Amino acid sequence: MTIQQDIPCGEFTEICRNPSNAPITLQLTIDHKCGGDTVLGLYEIGTNKPEGNPTFHSGLNVVQVPANQYLVASCNGHDSDHCVASYDVT
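Computed from a prediction, not measured in an experiment: that's the story for all the values here. (Residues numbered from 1 in each chain as written. Predicted model: local features only at pLDDT ≥ 70, side-chain atom pairs only at ≥ 80, totals over all residues. Heavy atoms only, no water.)

S.K.: Give a detailed account of the overall build of the chain, specifying residues and quantitative values.
M.R.: From N to C terminus, the chain includes zero helices and eight strands. Taken from the N to the C terminus, the helices and strands of the chain come in the order β-β-β-β-β-β-β-β. Here the chain, with 90 residues, has 36% of them falling under the buried criterion. Considering only residue pairs separated by 6 or more positions, the chain has 80% of its internal contacts joining residues 24 or more positions apart. (Helix = DSSP H or I, 4+ residues; strand = E, 2+ residues; numbered from the N terminus. Buried < 20%, exposed > 50% of the residue type's maximum accessible area, 1.4 Å probe, protein only. Contact = heavy atoms within 4.5 Å.)

S.K.: Break down the packing of aromatic side chains for me, with residues and values.
M.R.: Per the counting criterion, the structure on display carries one aromatic pair. Ring geometry for Tyr43 against Tyr70: centres 5.7 Å apart, planes inclined by 20°, an arrangement best described as stacked. Taken as a pair, Tyr43 in strand 4 (residues 38-44) and Tyr70 in strand 7 (residues 69-75) lie far apart in primary sequence, 27 residues in all. (Phe/Tyr/Trp six-rings, centres within 6.5 Å; stacked < 30°, edge-to-face > 60°.)

S.K.: Summarise the nonpolar core; cite the residues concerned and give the values.
M.R.: Grouped together as the largest cluster of nonpolar side chains are 17 residues, with contacts concentrated most on Ile7, Ile15, Leu26, Leu28, Ile30, Leu40 and Leu71. Looking at this core, the elements that each hand over two or more residues are strand 2 (13-18), strand 3 (24-31), strand 4, strand 6 (61-65), strand 7 and strand 8 (82-89). In terms of residues, this core owes the most to one element, strand 3, which gives four residues. (Core = buried A, V, L, I, M, F, W, Y, C linked by side-chain atoms within 4.5 Å.)

S.K.: Talk me through the sheet that holds strand 6; I want residue IDs and the actual numbers.
M.R.: Spatially, 1-8-3-6 is the arrangement adopted by the four strands of the open sheet, whose pairing is antiparallel. With one partner strand each, in any of the chains shown, strand 1 (3-8) and strand 6 form the two edges of the open sheet. On average, each strand axis in the sheet is inclined to that of its neighbour by 35°, with strand direction left out of account. In the sheet, strand 3 pairs with strand 6 via five bridges, with the strands oriented antiparallel. (Pairing = 2+ DSSP bridges. Axes fitted to C-alpha atoms, helices over the stretch in contact; angles between N-to-C directions.)

Put into structure tokens, the structure is as follows:
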């Protein structure tokens, strides 16, 4: 089942939360309606501490969300528009 999430331009938005004890893998695409780049980041649930460095997103990505972490995304572009993230958990 494909899940869709709006991402307001210029804001970090939570895409997927993994509260389990095992990693999950996402097939992730982002429709860049507002243009610009998309940045992905992982954060630890509970502490909201960033894990590693944010990465730039391009096209279809296979993204692993480790146990007890959540994935966020930000689109840079025009403030009046938004991007749409679509993903399937595999």
